[in-house]
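Now for the letters of each chain:
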Amino acid sequence: MWCKHRRFTRIVIVDDGVAADSFMQEVLSLAAPPGLEVDVLSIQEGIDALGENAPNRGATMVLMKSPQTARQLHDGGLAFSALNIGGIGSGPGRKNIFKNIAASKEEIVILKYLLEQGVEITLLTVPGEKSKSFADLASKL
Amino acid sequence: MKRNRKQVGIAMGISLLLMVVSVAVVKAAPEVQEPPRVSLLMALIIGILYYLSMSPWIANLGFTVLYRPLVAGALVGIVTGRVGEGVAIGANINVLYLGWISAGGSLPGDPGLAGYLGTALALGGGLGVEGALAVAAPLGLLGGLTWSLRMSLCSIIPHWADRFAEEGDVDKVARSNYIYSQPFLFVIYAIPVMLAAYLGSGAVAAMLGWFAGNAIWVMSGLYAASGMLSALGIALNLKFLFQGNVWPYFFVGFAITTMASGGMNLILFAIIGAAVAFVHVLFTEGLGGGAAEGTAEERKAPGLLTRQDVFQSFIRWLCFSHSTYNWERMQGMGFAHSMTPIIKKLYTTKEDISAALKRHLVFFNTQPDVGGIIHGAVIAMEEERAAGADITDDAINGVKTGLMGPMAGIGDTLQQGILIPIALALGISIALGGNMEGATRGNLLGPIVYFVLVAIGIWGGGWFLYWQGYKQGRTAVTNILRSGTLNRVITGAGVLGNWVMGALVVQFVSLSTSVAFRIGGTPFEVQAILDSIIPNLLPLLLVLLIWWLLTKKNVSPTTIMIVVILVGVLGSIPIWPGLNAETGEAIKTGLF
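Residues numbered from 1 in each chain as written. Chains lettered and ligands numbered in written order. Predicted model: local features only at pLDDT ≥ 70, side-chain atom pairs only at ≥ 80, totals over all residues. Heavy atoms only, no water.

### So, the overall build of chain A
Our working definition: A run of H or I in DSSP counts as a helix once it spans at least four residues, and a run of E counts as a strand once it spans at least two, with each numbered from the N terminus. Burial classes follow relative accessibility: with a 1.4 Å probe on protein chains only, a residue under 20% of its type's maximum area counts as buried, one over 50% as exposed, and anything between as partly exposed. Accessible surface is estimated by sampling points in the Shrake-Rupley manner with a 1.4 Å probe; for residues, cover comes only from the protein chains shown.
Per the secondary structure count, chain A includes 7 helices and 8 strands. In chain A, which comprises 141 residues, the proportion classed as buried is 43%. Here chain A has roughly 7500 Å² of accessible surface; of this, 50% comes from carbon and sulfur atoms.

Printed below as a string of structure tokens:
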């Protein structure tokens, strides 16, 4: 859905766990719509492959499982300017901050840190709905 | 376990009983042609039906069948004693929701509310078939309010379930999923709809009566808006269909139907479309089959579970996957509930049972029918674990969280993007006898055909995937995906979808202009000139315009809906030049 909405041609999934799991890699590349390139990279590979010096390979959507990964990418030298948060599940020690988006205390600290670094953070689970700016929420968390 | 089965049986019994009561009400209702008075009992039944459409009691056919305006209209028609009109009104309203997709826990508009309340108000208010959509469409927007309330309040229940899991009480965990949320859902769904249907139809009737006496153009405005709103429904569907190398079939469908003057049997037309889709897939993707060979290895099951156990789990998931749907865990409660028969069979000590319950009460969200393959795989892992294999909580969790996203994407495409719209298009077409304009009597066979198609897809396909997941373990996913069947189905459905949508433009969108004037002595009728270029040109352009606004300009469907209604009503103010059809005199007319 996201790909049709924003016309991405390539998806990069940055996650150390999935990068070491060949079964999940196969599932993800088979489940992607035809015509889409899917790459699964570890955090270090992500920093190398998405940095300024890497060749441009078309409109790319970068997916991460958690704000922790986003921070590691950012601190590793990948200076992205915008980040969208989709649905993140709740559980013990986590609270819902917007609809079905939950975050732990640690993750809120990371998001606030990224916000201070000038990253524009939005919350949106499904394309086409109204997105919420994290900057508006941050003061209440 | 037996007790649980009995409860499911009782629930189904209650649903059946309600249907019988509805039929009894029909028998009692007099056959007159005035608008039916919606009595309090009728309103109550309509409210209960709306609740049932959002409830778990009918094996996942609530949301996929009862919730659709085509079916809702028919049921309201039965309740109020106007079956034919109810079917026709429901079918008309449903055109707006042909491309309606609820993904990732969002609810963009509420077809169920538009269907039940919209039909009740249109029937009870005497608005009739042609104008129903203009009343029902704004109602659909109101549903979002109850949705947020439901998703927030149901977030409390998982915390009760956490406590029961701590105690290792399997039955209480199951009950907290399928019972505790229901009284609350009944109150927020059934009661408001009952009151609105009871009080609203009189208000609508009074309002329309006033318009008919004082500003008749408002009525023609509502009719014009209804005809144009259908274009929004089709354009929303095209958002997903009109792309790749299958979009030309949209114009083929439009052209063929126009040449047949709209009076075409859509079933036959769809059969031709399916054949064309097959040929298209053959040329673009090949026959396939080669890649799948040698991959279907079967897992060696330890033999602790029988097919019956897996089926028990499947039935619970089929019915109750969404009964305590909430922002915090989404379908987490449903997942734990579906595992209860398995946990009971596999584990005996309180510690093991409690640990297994807690393991499955966590966040989970996928598409229920295709996602069932995950449950099958998880059951297989639980079985091996109970038999002594070293399978960690992390491994089980990894399969669940890793697969739920991809399966949701595939499942939403197959069910909400392909199965439901195509089954709806056929059902609607049968309901209106293939000829939309002027069809004030609908055919009850339409909603029934829709119900059968969806039930086969959801029950049959759902069980197939659940069982494959158990038999093959998690490799079932890659085995099924690798065969390439999925892509061929999606491409073929894209062809058929475009083909049918093209026909629907002709059958459902009505837009024509009555503007006419004289130059010198020659009458100059705009519509006749347009028809001489391409018949149905205005409906086609309207659909393409809305599609363009939706996809290229990111205009929201709600904005378009409001603009269309305003244009329809305001455009009908008689200030435009026209000609009297009989005498040829110059008069003032509306745009449409």
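### Details of the overall build of chain B
To keep it simple, the criterion reads: Between two residues, a contact is recorded if the distance between any of their heavy atoms is within 4.5 Å.
Looking only at helices and strands, chain B features 24 helices and 4 strands. Taking all 592 residues of chain B together, the buried fraction comes to 57%. Across chain B, every contact between residues at least 6 apart in sequence was considered, and the portion connecting residues at least 24 apart equals 81%. Total accessible area on chain B is roughly 23200 Å²; 68% of this is exposed by carbon and sulfur atoms.

### Concerning helix 20 (residues 475-482) of chain B
Within helix 20 of chain B, burial applies to A476(B), V477(B), T478(B), N479(B) and L481(B). If you follow the buried residues of helix 20 of chain B, they end up packed against helix 3 (22-31) of chain A together with helix 17 (368-386), helix 18 (393-431), helix 19 (445-472) and helix 21 (485-508) of chain B. Note on helix 20 of chain B: the residue one or two positions beyond its end, G484(B), has a positive phi of about 80°.

### So, a nonpolar patch on the surface
Residues and elements named next belong to chain B. Rules: A patch consists of residues whose relative accessible area exceeds 30% and which take part in no salt bridge; residues with like charges are grouped when within 9 Å of each other, and nonpolar side chains (Val, Leu, Ile, Met, Phe, Trp, Tyr) when within 5 Å. By definition here, a salt bridge exists when the distance from a side-chain nitrogen of Lys or Arg to a carboxyl oxygen of Asp or Glu is within 4 Å.
Together, L40, V187, I191, L195, Y198 and L199 make up a nonpolar patch on the protein surface, roughly 520 Å² of accessible area in all. No other element matches helix 10 (residues 182-214), which puts 5 residues into the nonpolar patch. Here L199 is to be found in helix 10.

### Brief notes about the nonpolar core
Using the following cut-off: The criterion is simple. A nonpolar core is a set of buried Ala, Val, Leu, Ile, Met, Phe, Trp, Tyr and Cys residues joined through side-chain atoms within 4.5 Å.
The biggest cluster of nonpolar side chains holds 190 residues, and the ones touching the most others in it are Y116(B), L403(B), Y450(B) and L504(B). Ignoring anything within four residues of it in the chain, the contact list for Y116(B) reads I46(B), L49(B), Y50(B), S53(B), L66(B), A72(B), L75(B) and V76(B). Core analysis: the second largest hydrophobic core is formed by 26 residues, L73(A), A103(A), I121(A) and A138(A) among them.

### Overview of the environment of N245(B)
Residue and element names in this part refer to chain B. Positionally, N245 belongs in the loop between helix 11 (216-241) and helix 12 (248-259). Residue class for N245 comes out exposed when judged on its relative accessible area of 51%. The spatial distance from the C-alpha of N245 to the C-alpha of S338 is 41 Å, given a sequence separation of 93 residues. Leaving out residues up to four positions away in the same chain, N245 has contacts with H280 and T284.

### Comments concerning the environment of M381(B)
Residue and element names in this part refer to chain B. Along the polypeptide, M381 turns up in helix 17. When the C-alpha atoms of M381 and S102 are compared, they prove to be 31 Å apart, with 279 residues separating the residues in sequence. Dropping the residues within four chain positions of it, M381 is found in contact with I391, A395, I396 and V399.

### Structural notes on the packing of aromatic side chains
Residues and elements named next belong to chain B. To keep it simple, the criterion reads: Put simply, two rings from Phe, Tyr or Trp (the six-membered ring, in Trp's case) pair if the centres are within 6.5 Å, and we call them stacked under 30 degrees between planes, edge-to-face over 60, tilted for the rest.
Under the definition given, this model contains 27 aromatic pairs over all chains. The interplanar angle of 80° and the centroid separation of 5.5 Å between the aromatic rings of Y50 and Y189 together place this pair among those described as edge-to-face. Note that Y50 is positioned in helix 2 (residues 40-53) and Y189 in helix 10, a separation of 139 residues in sequence. Judged by its relative accessible area of 2%, Y50 is buried.

### Structural notes on unusual backbone geometry
Residue and element names in this part refer to chain B. One non-glycine residue with positive phi stands out, namely N60, at about 70°. With respect to the secondary-structure elements, N60 resides in the loop between helix 2 and helix 3 (61-66). Of note, the phi angle at N554 is positive, near 55°, even though the residue is not glycine. Residue position: N554 is located in the loop between helix 23 (537-551) and helix 24 (557-570).

### Focus on the sheet that holds strand 1 (residues 10-14) of chain A
Two pairing modes exist for strands in a sheet, parallel and antiparallel, and in both the strands are linked by backbone hydrogen bonds. All names here are of chain A. Note the cut-off: By definition, two strands form a pair when at least two bridges between them are found by DSSP. Angles here are taken between N-to-C directions and fall from 0 to 180 degrees, while the axes themselves are lines fitted to C-alpha atoms, restricted in helices to the stretch in contact.
Pairing is parallel in the open sheet, where 3 strands are placed in the order 2-1-3. The open sheet terminates on both sides in strands that have one partner only, identified here as strand 2 (37-41) and strand 3 (60-64). Ignoring which end each strand starts from, the neighbouring axes of this sheet average 20° apart. Against the sheet, helix 4 (residues 43-50) makes contact with strand 1, strand 2 and strand 3, and its axis sits at roughly 130° relative to strand 2, the strand it touches most.

### So, empty space enclosed by the protein
All names here are of chain B. Quick reminder of the rule: With a 1 Å grid laid over protein atoms only, a set of points is called a cavity when a 1.4 Å probe fits there but cannot get out and a pocket when it is open yet has protein on both sides within 12 Å along at least five of seven lines; lining residues have an atom within 4 Å of a point. Grid points are joined across faces, edges and corners, and a volume is the space filled by probe spheres set on the points. Amino acid classes used here: Ala, Val, Leu, Ile, Met, Phe, Trp, Tyr, Cys and Pro are nonpolar; Asp, Glu, Lys and Arg are charged; the rest, including Gly, are polar.
Applying the stated rule across the entire model yields 3 cavities of 30 Å³ or more. In this structure, the largest cavity occupies an estimated 60 Å³ of space. For the largest cavity, the full set of lining residues is N60, F314, W317, L318, S321, P368, D369, G372, I458, G462 and Y466. Going through the elements one at a time, helix 14 (307-320), helix 17 and helix 19 are the ones with two or more residues in the lining of the largest cavity. Residue classes in the lining of the largest cavity are distributed as 6 nonpolar, 4 polar and 1 charged. Each pocket or cavity is described by its volume, and for the second largest cavity that value is around 40 Å³.

### Describing the sheet that holds strand 7 (residues 120-123) of chain A
Read from one edge to the other, the open sheet built from 3 strands follows the order 4-7-8 (chain A), with strand pairing classed as mixed. Here the strands that pair on one side only, and so sit at the sheet edges, are strand 4 (82-85) and strand 8 (132-133) of chain A.

### Side note on the packing of helix 14 of chain B against helix 19 of chain B
Residues and elements named next belong to chain B. Spelled out, the test is: For classification purposes, angles smaller than 35 degrees are called roughly parallel, those larger than 145 roughly antiparallel, those between 65 and 115 roughly perpendicular, and all remaining angles oblique. Crossing handedness: left-handed means the near helix sits turned counterclockwise from the far one by under a right angle, and right-handed means the same turn made clockwise.
The N-to-C vectors of helix 14 and helix 19 enclose an angle of 130°; their axes lie 10 Å apart at closest approach. In this view, helix 14 runs oblique relative to helix 19, as classed from their interaxial angle. The two elements helix 14 and helix 19 meet at a crossing, and its hand is right-handed. Note on element contacts: helix 19 touches helix 14 through I458, W459, G462, W463, Y466, W467 and Y470, opposite R307, V310, F311, S313, F314, W317 and L318.

### Notes on the pairing of strand 1 (residues 516-519) of chain B
All names here are of chain B. Looking at chain direction, strand 1 and strand 2 (residues 522-525) are connected through 4 bridges and run antiparallel. The residue of strand 2 that forms the bridge with I519 is T522. Linking strand 1 to strand 2, which pair antiparallel, is a turn of 2 residues; within it G520 sits at a positive phi near 65°.

### Considering the pattern of salt bridges
Inspection of every chain in the model, using the stated rule, returns 11 salt bridges over all chains. For D75(A), the salt bridge goes to R71(A), with nearest N and O atoms at 3.1 Å. One end of the pair, D75(A), and the other, R71(A), are both in helix 5 (residues 67-75), 4 residues apart, so they sit about a helical turn from each other. Residue classification places D75(A) among the partly exposed positions, given a relative accessible area of 43%. On the accessibility criterion, R71(A) (28% relative accessible area) is partly exposed. The shortest N-O distance in the salt bridge between D309(B) and K345(B) comes to 2.8 Å. Of this pair, D309(B) sits in helix 14 while K345(B) sits in helix 15 (residues 332-346), placing them 36 residues apart in sequence.

### A closer look at the side chain of T258(B)
Residue and element names in this part refer to chain B. For clarity, the threshold we go by: Each polar contact in these results corresponds to two N or O atoms within 3.5 Å; when the atoms are within protein, one needs to be able to donate a hydrogen and the other to accept it, and residues that are neighboring in sequence are counted only if both atoms are side-chain atoms.
Here T258 is to be found in helix 12. Among the polar contacts made by the side chain of T258, one reaches the side chain of N536 at a distance of 3.4 Å. If sequence neighbours within four positions are ignored, T258 has contacts with V506, P535 and N536.

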